[in-house]
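# Structural description and commentary
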Amino acid sequence: MSKMNRRDFLKSIGVAGIFVAFNQAISGYKKVGSNFLKKVVGTTYKPPVQGASFAMAIDVGACIGCRRCEYGCILENNIPEAPSNMHWIDLFEMTNETPVTSVENMPPVNGVIDYVDSPKEDHWYLSFNCFHCDNPPCTPVCPTGATYKDEDGLVLINYDICIGCRYCMTACPYNARRFNWWQPEHSPSRISPIDGSVVPLNEEVPLRVRGVTEKCTFCVHRVRDGLQPRCVEVCPTRARHFGDLNDPNSEVSLIVKNERTIRIRENLGTQPHLFYFTRGVKWNDEGEKL
Amino acid sequence: MSDKVEKLLRPIKYTSREFYPFILFLATITIVAVYAYTRQLSRGLGVTGLNDITIWGIYIVNFIFFIGISHAGIAISAAVRLFKSDLYKPIARIAEILTIVSLTMAGLSIVIDLGRPDRSYLLIVNYLLRFKESPLIWDITAVGTYLTLSSTYLYLSLRRDFKITSERVNGWQKKFYEFLIPSYEDEEHSTVDRISFWLSVTILPVMVMVHTTVAWIFALLGSRPLWFTAFAGPYYIVAAIASGLGSVVVIAAIMRKIYHWEEVFDPMIFKGLSNVSMLTTLIYIYMMLAEQIGALYAGPEAEFLVSYEWLFGSFSSIFWAMTTLGLIVPFLFLLYQAFKPGYVNINVSAVMCTLLVIAFWFKRYMIIVPTLSIGIQEVGIYTPTWVEISILFGTFALPILLYAILTKILPLMELEEH
């Protein structure tokens, strides 16, 4: 270290300069990148409700497996019925011997998804949609940032920057995500299987394109306006409950506080926002309310 | 000396009559695959056998497979340079070209798998935002670094040989090779050698990371049985070394035969490569045993179901055929060859290594598909469609085609001793 000649000195200045410039470039790039994205993106959601943490609680004893939630959801969220039979809510028919805690696989090994009559004796019904986890495994793996967790606890997808790698689908422990394997087809007016009425396409929900992932949004366009999700609204037995966990007086908070609730696959540390509980069976074998 | 150079340049200067139908054959398969892919592009990924349960299939299998194959090349040539093992020098470049070709195919497989390949530029636009979280981005980084370093390495070592080649060919070929070496100086060897040395020092750890990050794509998903293991990195690396060296044995044996390079390739090269391949296969069988025992004996329900499907269920025929024919039989032969002094049977070694490579493709199939199809009824059963099968054949025809064309362009060995 006897002496540093001018050339070495200039070299070190140069290296330091390049380092600083690189950092500057990166931070500038980050800003440019996100601005650029905002311009490209067409999928927009309403701004998140500050301080909220939305959650759902399902009374598996009250559920009669009528699947009104499933069809209501399909109509509300413009889910294409053709060419693939897609639905965001999965409803499994389980035998009485299957405890909820044994649901280690998605979909449950003992669950039957294609059934005709319900409710059946010695059966119960388990409903899955996106669990909107507090610690979602699906969002960090996304290589483009298309799926993200918003401030009010909703896990959402930006359909415009999804590249369709389906990594989030393999990461999801609950098989909540669906892929547009084909070009989705929409008819402008659809007939509701619930009451036979004609339902037009919902303008508040963006249509998806072929090759992107989609899933339950907790009806983001409704809940951010203070409404209930569609599946909660159409449930005839009031098996589904929705609310804000951060509000101690909301329905969900009271259920979580007062009832014995479980969540599916809690061992994975995902902290799902879908709670299951039961207040006992509420219907007889003929499907009549007790 | 000059005779030797002539002999090594034979693939570049002369092309046999059988070469063209062979190229045509491969090109036909590739064109069928391109047609299948355009169909997938225009109609959507629904033309494959994939569904919302079995989300990934043959394309991802191909991706892992080609990343595995790519391991042999630079590993061999970096080892040649770092440990100065002159015995393996003749095959170093053959292996390097294999690395470049198979890395290209791995990247292509990922693009084929995308639902929206038109948006893949977003991987670059959002790179810095996603780098800290997404294992897929880590993998793209590792593979990109690996491809850049290894192609630089290959090009640097090729410059001198391009020069020698350009002196020995005429016409447009001469112009072509001179075009490939801009600002070539006769004194650059010592600099190039120094750069290549440090490149090979850098490439070896990058190579380990490449396959580790590929393993992490799967091994970091806590909910997927048999993917979520701590030893996924070593497990994948061992498979990569075994299948990569196996494919180098196959390619070198074919070259030796068709270009009559019997005295250029010392038979001991084949013995040495097969020995490493044999040893890694043994380690791999051991790791597989460890994995299955864990899943079967104490496994949670999901692990148990997948393992049961592997060993006794709907995937058992693939599994047992792969294990016995593809792993144990080659292993036994290569073991026999390793322990019999002075005995090398190159032809049988090549056949056995082919079996090994095919077995490792099916092993990757076993990694991906059973895990993604457990505990389901009709909905998740995955059968590849003709689109996937044609693309599969295409992704095997295309690298062979590329390789065959590259043998006509690149000198396959260092033409002059230093």
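Presented here is a report on the structure given in the accompanying data block. (Residues numbered from 1 in each chain as written. Chains lettered and ligands numbered in written order. Predicted model: local features only at pLDDT ≥ 70, side-chain atom pairs only at ≥ 80, totals over all residues. Heavy atoms only, no water.)

A separate point is the overall build of chain A. Secondary structure assignment for chain A yields six helices and eleven strands. Counting every position in chain A, which comprises 290 residues, the buried fraction comes to 50%. If you take every contact in chain A between residues at least 6 apart in sequence, the share linking residues at least 24 apart comes to 68%. When the accessible surface of chain A is split by element, carbon and sulfur atoms take 55% of a total near 13,800 Å². (Helix = DSSP H or I, 4+ residues; strand = E, 2+ residues; numbered from the N terminus. Buried < 20%, exposed > 50% of the residue type's maximum accessible area, 1.4 Å probe, protein only. Contact = heavy atoms within 4.5 Å. Areas by Shrake-Rupley, 256 points an atom, 1.4 Å probe, with all protein chains shown as cover.)

All names here are of chain B. Space inside the largest pocket adds up to approximately 1,200 Å³. Phe22, Val250, Ile251, Ile254 and Ile400 are the residues nearest the centre of the largest pocket, which is lined by 35 residues in total. It is helix α16 (residues 386-407) that contributes the most residues to the lining of the largest pocket, eight residues altogether. Residues of the lining of the largest pocket, tallied by class, amount to 25 nonpolar, seven polar and three charged. (1 Å grid on protein atoms, 1.4 Å probe; cavity = no way out; pocket = protein on both sides within 12 Å on 5 of 7 lines; lining within 4 Å. Points joined across faces, edges and corners; volume = space filled by probe spheres on them. Nonpolar A, V, L, I, M, F, W, Y, C, P; charged D, E, K, R; others polar.)

Before going further, it helps to spend a moment on the sheet that holds strand β10 (residues 240-244) of chain A. Sheet strands associate in pairs through backbone hydrogen bonding, adopting either a parallel or an antiparallel arrangement. All names here are of chain A. One open sheet holds the three strands; their spatial order is β10-β1-β11, and the pairing between them is mixed. Across the chains shown, the open sheet's two edge strands, defined by having one partner strand only, are β10 and β11 (274-277). Between one strand axis and the next, the sheet turns by 20° as a mean value, whatever way the strands run. Bridge analysis of strand β1 (residues 54-59) against β11 gives four bridges, and the strand direction is parallel. Opposite Asp59, over in β11, you have Phe277 as the bridge partner. (Pairing = 2+ DSSP bridges. Axes fitted to C-alpha atoms, helices over the stretch in contact; angles between N-to-C directions.)

Let us now look at the environment of Tyr259(B). Among the structural elements, Tyr259(B) can be located in the loop between α11 (232-258) and α12 (267-297). Non-local contacts of Tyr259(B), meaning those with residues more than four positions away in its chain, are made with Arg10(B), Pro11(B), Thr407(B) and Lys408(B).

We now examine the pattern of salt bridges. Residue and element names in this part refer to chain A. Applying the stated criterion across every chain, the model contains 22 salt bridges over all chains. The partner of Lys46 in a salt bridge is Asp225, and the shortest N-O contact between them spans 2.9 Å. Residue Lys46 is located in the loop between α1 (6-40) and β1, and its partner Asp225 is located in the loop between α4 (220-223) and α5 (230-234); the two are separated by 179 residues in the primary sequence. What makes Lys46 partly exposed here is its relative accessible area of 26%. Across the salt bridge formed by Arg208 and Glu214, the nearest N and O atoms sit 3.0 Å from each other. Owing to a relative accessible area of 5%, Arg208 belongs among the buried residues under this scheme. The buried category is assigned to Glu214, whose relative accessible area is 0%. Linked by salt bridges that have partners in common, Glu76, Arg222, Arg230 and Glu233 make up one network. (Salt bridge = Lys/Arg side-chain N within 4 Å of Asp/Glu carboxyl O.)

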